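Below are the chains, spelled out letter by letter.
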Amino acid sequence: MPAVEMHAVSKSYARRGRPPQRALDSLDLVVESGGVHGFLGPNGSGKTTTIRVLLGLIRPDAGDVRLLDRPVPDGLPQVIGSVGALVETPLFFPGFSGRRNLRLLAETAGLPRTRVEEVLETVELRDRADDRFKGYSLGMKQRLGIAAALLKSPRLLILDEPSNGLDPAGIRDVRELIRRLGHDGSTTVLLSSHLLAEIEQVADRVSIMARGRCIASGPVHEVLAGRSSGDVRVRVPDRAAATAVLTAAGFSVTPTEDALLVSAVPAPGEVTRVLAQHGHYLEELTPVAADLESAFLALTAEPA
Ligand SMILES: Nc1ncnc2c1ncn2[C@@H]1O[C@H](COP(=O)(O)OP(=O)(O)OP(=O)(O)O)[C@@H](O)[C@H]1O
């Protein structure tokens, strides 16, 4: 049974004095149960609208929606208790500790205090659980939000752009947490993001949104396959020497203004290894945006 099924779902927002804004355009979407399902699309492609529809926060104009095998919105009361969501920065009492905030939520939901300790452990906040919420870093606040969403042991956890605004350490922590949650076996994670790299690193499956439609869906390695043999941009102090080393190793290298473009690299680690073996240490190695991203941009470009 899929966690989410949407068929021909459309939604337009009314705008004063202007034609309505179409956010979902006959969207078909299936999220299979288990693992992390990436929901990838540029800003404005309809991800948040989709999530709002799923949670019954807005009504679509047309189409069928099922959440954990129940129709939305009519069957929502039966399943909403099995769905955890982090849609915006969650509201906590700033002067209360993380633990106290969670205890309040647990009490309201009729859950035991032991559950609070379990979710604190899951999000690795036990050490800081007695500190006030307002002193937490953004990443910790976000993890507390995820802890709150986990309290009721949801079968489906929906996270809308959970890395937005976080520093690199916060992003790494949240990413590792999502990976763990996806692999614990009992929860399906639906992770929305506009960052290809984020989805690539944590998701098992992905659906790509553009202009209110799903343009591709499937296992990440299949949908994003174009990237694995892609180009990488490399910056090294001695470009001429590095070009010679890479060319001798069989790579095709094109110098650019401030870097080298290495083409059709099967694994970026190979480039690192070859260069390091010859005493060249990388300042930067970036996979170059692959066809998928260009397709993205073309699909999402506003018509002239
Ligand atoms: N309340 C609203 N009123 C009018 N238009 C809206 C409203 N909410 C969203 N939109 C528009 O609907 C389209 C889809 O927005 P949505 O927020 O679902 O996209 P998104 O992929 O989640 O992007 P983002 O990451 O920027 O939120 C956009 O063109 C957006 O401007």
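Computed from a prediction, not measured in an experiment: that's the story for all the values here.

### A closer look at helix α11 (residues 268-277)
Here is step 1: Turning to α11, its buried residues are V271, V274 and L275. The buried side chains of α11 occupy one side of the element, clustering within an arc of 95° when seen end-on.
Here is step 2: Buried residues along α11 sit against β11 (232-235), α10 (239-248), β13 (260-263) and β14 (284-287).
Here is step 3: With its phi angle positive at about 75°, G279 sits one or two positions after the end of α11.

### What to know about the nonpolar core
Here is step 1: The biggest cluster of nonpolar side chains holds 39 residues, and the ones touching the most others in it are L102, L144, I146, L157, L159 and I178.
Here is step 2: Among the elements that line this core, the one with the most residues is helix α5 (residues 138-150), at six residues.
Here is step 3: With residues near it in sequence (within four places) discarded, I146 still touches L86, V123, L157, L159, V174, L177 and L181.
Here is step 4: Grouped together as the second largest cluster of nonpolar side chains are 24 residues, L27, L156, I158 and M209 included.

### With respect to unusual backbone geometry
Here is step 1: A cis amide bond, omega 5°, links V72 with the succeeding residue P73.
Here is step 2: Phi angles above zero are rare outside glycine, and E124 is one such case at about 55°.
Here is step 3: Mapping E124 onto the fold places it in the loop between α4 (113-122) and α5.

### Section: the layout of surface pockets
Here is step 1: Roughly 300 Å³ of volume is contained in the second largest pocket.
Here is step 2: As for the second largest pocket, its lining consists of 15 residues, of which L105, A148, A149, L151 and K152 are closest to the centre.
Here is step 3: No other element matches the three residues that strand β6 (residues 83-86) contributes to the lining of the second largest pocket.
Here is step 4: Considered class by class, the residues forming the lining of the second largest pocket number 12 nonpolar, two polar and one charged.

### Some thoughts on the site of the ligand
Here is step 1: Within the structure, the ligand sits among Y13, Q21, A23, P42, N43, G44, S45, G46, K47, T48, T49 and E161.
Here is step 2: A distance of 3.3 Å is found between an oxygen atom of the ligand and a side-chain nitrogen or oxygen belonging to N43.
Here is step 3: Between an oxygen atom of the ligand and a side-chain N or O atom of T48, the distance comes to 2.6 Å.
Here is step 4: A total of 620 Å² of accessible area belongs to the ligand in isolation, and the protein chains cover 65% of it.
Here is step 5: At the level of secondary structure, the elements contributing two or more residues to the shell around the ligand comprise β2 (18-31) and α1 (47-54).
Here is step 6: Element by element, the count of residues in the shell around the ligand is highest for α1, at three residues.
Here is step 7: Looking at the shell around the ligand residue by residue, the class counts come to three nonpolar, seven polar and two charged.

Cut-off values and rules
- Residues numbered from 1 in each chain as written.
- Predicted model: local features only at pLDDT ≥ 70, side-chain atom pairs only at ≥ 80, totals over all residues.
- Heavy atoms only, no water.
- Buried < 20%, exposed > 50% of the residue type's maximum accessible area, 1.4 Å probe, protein only.
- Helix = DSSP H or I, 4+ residues; strand = E, 2+ residues; numbered from the N terminus.
- Arc of directions from axis to C-beta.
- Contact = heavy atoms within 4.5 Å.
- Core = buried A, V, L, I, M, F, W, Y, C linked by side-chain atoms within 4.5 Å.
- 1 Å grid on protein atoms, 1.4 Å probe; cavity = no way out; pocket = protein on both sides within 12 Å on 5 of 7 lines; lining within 4 Å.
- Points joined across faces, edges and corners; volume = space filled by probe spheres on them.
- Nonpolar A, V, L, I, M, F, W, Y, C, P; charged D, E, K, R; others polar.
- Near = heavy atom within 4 Å.
- Polar contact = N/O pair within 3.5 Å; in protein donor to acceptor, adjacent residues only side chain to side chain.
- Areas by Shrake-Rupley, 256 points an atom, 1.4 Å probe, with all protein chains shown as cover.

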